[in-house]
Amino acid sequence: MNTEKKPLVEVSHLKRYFDVGRGQILKAVDDVSFEIYPGETFGLVGESGCGKSTLGRTLIRLYDATSGTATFKGSPIHGSKSKSEMKQLRRDIQMIFQDPYASLNQRMTVTDIIAEGIDAHGLAKNRKERLEMVHALLDTVGLNRSHAERFPHEFSGGQRQRIGIARALAVNPSFIIADEPISALDVSIQAQVVNLMKKLQRERGLTYLFIAHDLSMVKHISDRIAVMYLGGMVELCESDELFDNPLHPYTKTLLSAIPLPDPKLERSRERMVLQGDLPSPINPPSGCRFRTRCPFAMEVCASETPKWQEASKGHYVACHLYNGEQAGTAAKPDSQGVDHHELV
Amino acid sequence: MNSLLEVTDLQVSFYTYAGEVQAVRDVSFSLGKGETLAIVGESGSGKSVTSKSIMRLLAKSAKIKNGSIRFEGKELASLPEKQMQNIRGKDISMIFQDPMTSLNPTMTIGKQITEVLRKHQNMGRDAAAKRAVELLNQVGIPNPEKRLKQYPHQLSGGMRQRVVIAIALACNPKVIIADEPTTALDVTIQAQILELMNRLQDQMGTSIILITHDLGVVANMASRVAVMYAGKIVETGTVDEIFYESRHPYTWGLLASMPKLHEKSDELQAIPGTPPDLSDPPKGCPFAARCPYAMEICYEQMPSYTEHTGTHRAACWLQDSRAPKVERPLAAGGER
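Calculation notes
Residues numbered from 1 in each chain as written. Chains lettered and ligands numbered in written order. Predicted model: local features only at pLDDT ≥ 70, side-chain atom pairs only at ≥ 80, totals over all residues. Heavy atoms only, no water. Buried < 20%, exposed > 50% of the residue type's maximum accessible area, 1.4 Å probe, protein only. Helix = DSSP H or I, 4+ residues; strand = E, 2+ residues; numbered from the N terminus. Contact = heavy atoms within 4.5 Å. Pairing = 2+ DSSP bridges. Axes fitted to C-alpha atoms, helices over the stretch in contact; angles between N-to-C directions. Polar contact = N/O pair within 3.5 Å; in protein donor to acceptor, adjacent residues only side chain to side chain. Phe/Tyr/Trp six-rings, centres within 6.5 Å; stacked < 30°, edge-to-face > 60°. Domains from an automatic or database assignment. Buried area = accessible area lost by both parts, 1.4 Å probe. Salt bridge = Lys/Arg side-chain N within 4 Å of Asp/Glu carboxyl O. Nonpolar A, V, L, I, M, F, W, Y, C, P; charged D, E, K, R; others polar. Parallel < 35°, antiparallel > 145°, perpendicular 65-115°, else oblique. Left-handed = near helix turned anticlockwise from the far one by under 90°.

J.: Sorry if this is basic, but what is going on with helix α3 (residues 110-120) of chain A here?
T.: In an α-helix there are 3.6 residues to a turn, and that puts residues three or four apart on one side. Residues and elements named next belong to chain A. Among all positions in α3, only Val-110, Thr-111, Ile-113, Ile-114, Ala-115, Gly-117 and Ile-118 are buried. Buried-residue contacts for α3 involve α4 (127-140) and α5 (157-169). Of the residues one or two after α3, Gly-122 is the one with positive phi, at around 60°.

Given below as structure tokens:
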């Protein structure tokens, strides 16, 4: 997609470690690099504990980077910044949270929740203008103006998530990090919120980082998708390509694990079921982190960390199976187990 | 059909300070031996309340107002608590949604499994411990002897859910009620647990009531489906009838709002609006306010069931002979 354009967000060898005591380090995000282009939706998927939320929170500077860099519109997100630079950054990047029950202050009215950013940045000249802005935002996200003076507990989950979206939009951001924005909602309401997010993107040219574990929804909304496993990125490509031609064995198992709403297909489908649980990120396996659960693991997987490489144009993968010479020594995943056409 | 469990005209209400909330309104279904009945619906549709009524685990503020729950000829709705205790966990057991909270954090895994065995099967300490090891093997937990001495916090989410399943299986129950058994789990772990449940059911012939909102899980596990909306079953049928020949606009909406992996569409088919407030349920069809095909009668009177086959029925005025013909939308799946 927008390869000629300059990236909006550039992440290079970003690491975020946590000291969990007793001299142990938890490597939540370990050396990831990618770009997000203006106007695109960048999907980030992986199981719980893979570091996707930590990555999102690091990009909005809720966490500092342990090492590596992340830049937004060319200037670094982390490191020392002046007060006005910080303020601008906080306006440009906003966040939508997972749990609409926990992310809204129950003691504040909807108006005060939505206008908090407007107040902090002094965007409204007087009370009247402030209320007008709130009303306009309520219209934008499909809520009623009469809802403005109510409290969060009077709303359903889907409506609360709309309030959360209105709050994020209030300061006119260009980049929104949505951390599992629909996981807490019912299916029919999920579709409403996703449609709203797509509409806002069309109207306002927003760029999204969409973090989720539900692959079918991510596929629907994203232009490109990155798959994370245990702190590292294993595959990144355009969203259709990821579903039509997944390369990394982990991506294949993830796709194969989704139960499809089609009973006939489900009865005939051969599943590639992963054995075991996610290893601890405090003491991850050597070499490739996926090797302990990978059906195609080779000797080299234990000794060397696979390189992040471009397998075909715009399709990146970190796996020894796609390393040219070494690939010959193991059976290609396509020749056994899951044929990706089954997934369609 | 040779039915094991028969629920007829069940009505359950919660009595709150704001008045009566009619969570379950005239629900009837039966469960045959060895089959999996999925009850699907959104939060607040009454699916969990229905299952808790069968187990008689309702909160104090809730009451079974009417209806019967017959299990092997016994009436559970009015059974004294003492006798219910002999059924709960023995003949009918339950798998809960959240394995983080459904296990007791202060008891070892072993103690929690053997507790059931010692109570219901009068097993001695050693016999129960032996059976517990067998059970953990059966649900695919490696090193069972070691695990028995551990506490829930030492296990991962998937492992904990396996322990919950082991406890549910301990007395070879005839019915297992699984309330969103995989919702709290990651998709790869979900695949493991679904495979396990399908395998165990094949081996033991247990009947399962599966409560979920995930239509993918339904397609994977269920033999029959009941779709609930606002405390009522609006459509019920075999899994194929529901997925390929559904008749109710709410079922269409549910199926259409799922993103399809193999096609790219710009807009998801969302169902507009939100479910009605059950403290003041509408007198007509509860879905009318959100239904694109709603007619005048829909707001006035609740439709009765129309039978399509012996197994398939839907409560919708569109099924009436006087109603205009409405084709099932393509997005709702099935063939024409």
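J.: In this structure, what is going on with the sheet that holds strand β1 (residues 3-16) of chain B? I would like to understand it.
T.: Note on sheets: strands pair through backbone hydrogen bonds, and any given pair is parallel or antiparallel. All names here are of chain B. Ordered by their spatial adjacency, four strands build an open sheet running β2-β1-β4-β5, and the pairing between neighbours is antiparallel. This sheet does not close on itself; its edge strands, each paired only once, are β2 (19-32) and β5 (74-75). Bridge count for β1 against β2 is 10 bridges, and the pairing is antiparallel. By the bridge assignment for β2, Val-7 is matched with Phe-29. Against the sheet, helix α1 (residues 47-55) touches β1, β2 and β4 (62-71), its axis set at about 110° to β1.

J.: Would you explain the side chain of B:Ser53 in this entry?
T.: Residue and element names in this part refer to chain B. Note that Ser-53 resides in helix α1. Among the polar contacts listed, one links the side chain of Ser-53 to the backbone oxygen of Val-49, at a separation of 2.6 Å. Discounting chain neighbours no more than four positions away, the residues touching Ser-53 are Leu-10, Val-12, Leu-58, Ile-64 and Ile-69.

J.: I tried to follow the packing of aromatic side chains on my own but got confused; where do I start?
T.: The way to describe two aromatic rings as a pair is by their centre distance and the angle between their planes. All names here are of chain A. For the structure on display, the rule yields 11 aromatic pairs over all chains. Each ring, one from Phe-34 and one from Phe-42, has its centre 4.9 Å from the other, and the planes form 15°; the classification is stacked. Side by side, Phe-34 and Phe-42 carry an identical accessibility label, which is buried. Taking the centre distance of 5.0 Å and the plane angle of 80° together, the rings of Tyr-229 and Phe-290 count as edge-to-face. One end of the pair, Tyr-229, is in strand β9 (residues 224-229); the other, Phe-290, is in the loop between α10 (263-268) and α11 (299-303), with 61 residues separating them in the sequence.

J.: Please clarify how the domain arrangement of chain B should be interpreted in this entry.
T.: Interface size is commonly expressed as the accessible surface area that is lost when the partners come together. Residue and element names in this part refer to chain B. Considered domain by domain, chain B is made up of domain 1 (3-222) and domain 2 (229-332). A straight line from the C-alpha centre of domain 1 to that of domain 2 covers 29 Å. Counting residues at the interface gives 19 residues for domain 1 and 18 residues for domain 2. Both faces considered, domain 1 and domain 2 share a buried interface measuring about 1,600 Å² in area, 57% of it formed by carbon and sulfur atoms. Considering only the surface of domain 1 that becomes buried against domain 2, Arg-25, Glu-42 and Leu-215 emerge as the three largest contributors, covering 43% of it. Counting across the domain 1 and domain 2 interface gives one salt bridge. Across the salt bridge formed by Glu-42 and Arg-290, the nearest N and O atoms sit 3.8 Å from each other. Viewed at the interface, domain 2 and domain 1 are joined by five residue pairs in polar contact (both at pLDDT 80 or more). Elements with a minimum of two residues in the side of domain 1 that touches domain 2: β2 and α8 (215-221). The dominant element in the side of domain 1 that touches domain 2, judged by the number of residues it contributes, is β2, at 10 residues. Among the residues forming the side of domain 1 that touches domain 2, the class breakdown is nine nonpolar, six polar and four charged.

J.: So what exactly am I meant to see when it comes to α1(B) here?
T.: Among the nine residues that make up α1(B), seven are buried, leaving the element largely enclosed by the rest of the structure. Taken together, the buried positions of α1(B) are B:Lys47, B:Val49, B:Thr50, B:Ser51, B:Ser53, B:Ile54 and B:Met55.

J.: Is there a simple way to think about the domain arrangement of chain A in this case?
T.: All names here are of chain A. Here chain A is described as being made up of domain 1 (9-229) and domain 2 (247-343). The gap between the C-alpha centroids of domain 1 and domain 2 is 30 Å. Listed per partner, the contact involves 16 residues of domain 1 and 13 residues of domain 2. Both faces combined, the contact of domain 1 with domain 2 buries some 1,300 Å², and carbon together with sulfur accounts for 65% of it.

J.: Sorry, what's going on with the interface of chain B and chain A here?
T.: Each partner contributes to the interface: chain B provides 41 residues, whereas chain A provides 43 residues. Here chain B packs against chain A, burying approximately 3,700 Å² in sum over the two surfaces, 56% of which is carbon and sulfur. Our enumeration of links across chain B and chain A arrives at one salt bridge. Measuring nitrogen to oxygen at the nearest pair gives 2.9 Å for the salt bridge that ties B:Asp240 to A:Arg267. At the surface where chain B touches chain A, the tally comes to nine residue pairs in polar contact (both at pLDDT 80 or more).

J.: How do you make sense of unusual backbone geometry when you look at a structure like this?
T.: Of note, A:Arg61 is a non-glycine position whose phi angle comes to about 65°, a positive value. With a phi angle near 50°, A:Glu180 is a residue other than glycine that sits in the positive phi range.

J.: Quick question: what am I supposed to make of the environment of B:Lys283 here?
T.: Residues and elements named next belong to chain B. As for its placement among the helices and strands, Lys-283 is situated in the loop between α10 (249-257) and α11 (296-300). Accessibility expressed as a relative area gives 60% for Lys-283, which makes it exposed. A C-alpha to C-alpha distance of 6.2 Å links Lys-283 and Glu-300, two positions 17 residues apart in sequence. Among all residues touching Lys-283, those that are not within four sequence positions of it are Tyr-299, Glu-300, Gln-301 and Met-302. Side-chain polar atoms of Lys-283 contact the side chain of Glu-300, separated by 3.3 Å.

J.: What is the right way to read the packing of helix α3 (residues 109-121) of chain B against helix α4 (residues 125-138) of chain B from this model?
T.: In a packed pair of helices, the relevant descriptors are the angle between the two axes and the axis-to-axis distance. Residues and elements named next belong to chain B. In the contact formed by α3 and α4, the axes pass within 9 Å of each other and the chain directions differ by 125°. On the basis of their axis angle, the class for α3 and α4 is oblique. Considering how the two elements wind past one another, α3 and α4 form a crossing that is right-handed. Counting all contacts with α3, which are made through Ile-113, Thr-114, Leu-117 and Arg-118, the residues of α4 involved are Arg-125, Ala-128, Ala-129, Arg-131, Ala-132, Leu-135 and Leu-136. Tallied by class, residues from the contact of α3 with α4 come to seven nonpolar, one polar and three charged.

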